[in-house]
Amino acid sequence: MLTMGDIRRTHLTSYGPDGITADTTTYDQDLFQDACIAELADFADSVRTGRTPYATGHDARAALAIALAAVRSVTTGAPVHVGDLGKEHSSASMTTS
């Protein structure tokens, strides 16, 4: 299992009579708000100027493959190679057409 970052907004943890508390962030939009805004701004600029955006469709496809492999690994309890997912989808689409 992979984890990235920390869901806490701050590094402050409070130990009090009611237990342990931490101010947490619960949504990806909160965790990665600045990154998402920058990516969208870059995309809009690339459309206006005709240049290739910094994050391409190939980058998105690679990120999706990693996420799918992680889900498959957690579901099956076994390691999943990212490259194997693409082979499955390619061969499946080739046999159904």
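The structure contained in this document is the topic of the report that follows. Each chain carries its own residue numbering, running from 1 in the written order of its sequence. Given that this is a predicted model, residues contribute local features only at a pLDDT of at least 70 and side-chain atom pairs are listed and counted only at 80 or more, while totals for whole chains, interfaces and linings are drawn from all residues. Remark: hydrogens and water are excluded; side-chain values derive from all non-hydrogen atoms of the structure.

1. Remarks on the overall build of the protein
The following threshold applies: Working definition: helices are DSSP H or I runs of at least four residues, strands are E runs of at least two. Numbering for both runs from the N terminus. With a 1.4 Å probe rolled over the protein chains alone, any residue whose accessible area is under 20% of its type maximum counts as buried; one over 50% counts as exposed, and the rest are partly exposed. Pairs of residues are marked as contacts when any of their non-hydrogen atoms sit within 4.5 Å. Each accessible area value is a Shrake-Rupley result obtained with a 1.4 Å probe; residue values ignore everything except the protein chains displayed when judging cover.
Counting its regular elements, the protein contains four helices and two strands. With 97 residues in all, the protein has 7% of them scored as buried. Across the protein, contacts joining residues at least 24 apart in sequence account for 9% of those joining residues at least 6 apart. Here the protein has roughly 8,300 Å² of accessible surface; of this, 61% comes from carbon and sulfur atoms.

2. Things to note about the pattern of salt bridges
The condition is simple: A pairing counts as a salt bridge when a side-chain nitrogen of Lys or Arg comes within 4 Å of a carboxyl oxygen of Asp or Glu.
Taken as a whole, this structure holds three salt bridges when the rule is applied. Where D42 meets R51, a salt bridge forms, and the shortest distance between an N and an O atom there is 2.3 Å. R51 sits in the partly exposed class, given a relative accessible area of 28%. Between R48 and D45 there is a salt bridge; the shortest N-O distance is 4.0 Å. Residue R48 and its partner D45 are located together in helix α2 (residues 33-49), separated by three residues, close to a single helical turn. Take R48: its relative accessible area is 64%, and that puts it in the exposed class. Judged by relative accessible area, D45 falls into the partly exposed class, the value being 26%. Linked through salt bridges whose partners overlap, the residues forming this network are D42, D45, R48 and R51.

3. Let's talk about α2
Just so we agree on the cut-off: Here a helix's expected span is defined as the number of its residues, less one, multiplied by 1.5 Å.
Given a rise of 1.5 Å per residue, 17 residues ought to cover 24 Å, and the 24 Å separating the end C-alpha atoms of α2 matches this to within 8%. The first or second residue beyond α2 is G50, which carries a positive phi of 85°.

4. Some words on the side chain of D42
Topologically, D42 is positioned in helix α2. Apart from the residues within four sequence positions on either side, D42 is in contact with R51, P53, Y54 and A55.

5. Some thoughts on helix α3 (residues 57-76)
Heads up, the condition is: Residues adjacent in sequence count toward polar contacts only when both atoms are side-chain atoms; beyond that, a polar contact is any pair of N or O atoms within 3.5 Å, and within protein one must be able to donate a hydrogen and the other to accept it.
Spanning 20 residues, α3 covers 28 Å between terminal C-alpha atoms, matching the ideal 28 Å at 1.5 Å per step. Of the residues flanking the start of α3, the one acting as N-cap is T56, its side-chain oxygen 3.3 Å from the backbone nitrogen of H58. Of the residues trailing α3, G77 is marked for its positive phi of about 75°.

6. Considerations on the packing of aromatic side chains
Test applied: Note on ring pairs: Phe, Tyr and Trp rings are taken, using the six-membered ring of Trp, and paired if centres are within 6.5 Å. Classes follow the plane angle, with under 30 degrees stacked, over 60 edge-to-face and the rest tilted. Charges are assigned to positions over rings by a cutoff of 6 Å between ring centre and Lys NZ or Arg CZ, combined with an angular limit of 35 degrees from the ring normal.
This structure, assessed with the given rule, holds zero aromatic pairs. Cation over ring: R51 sits above Y54, and NZ or CZ is 4.8 Å from the ring centre.

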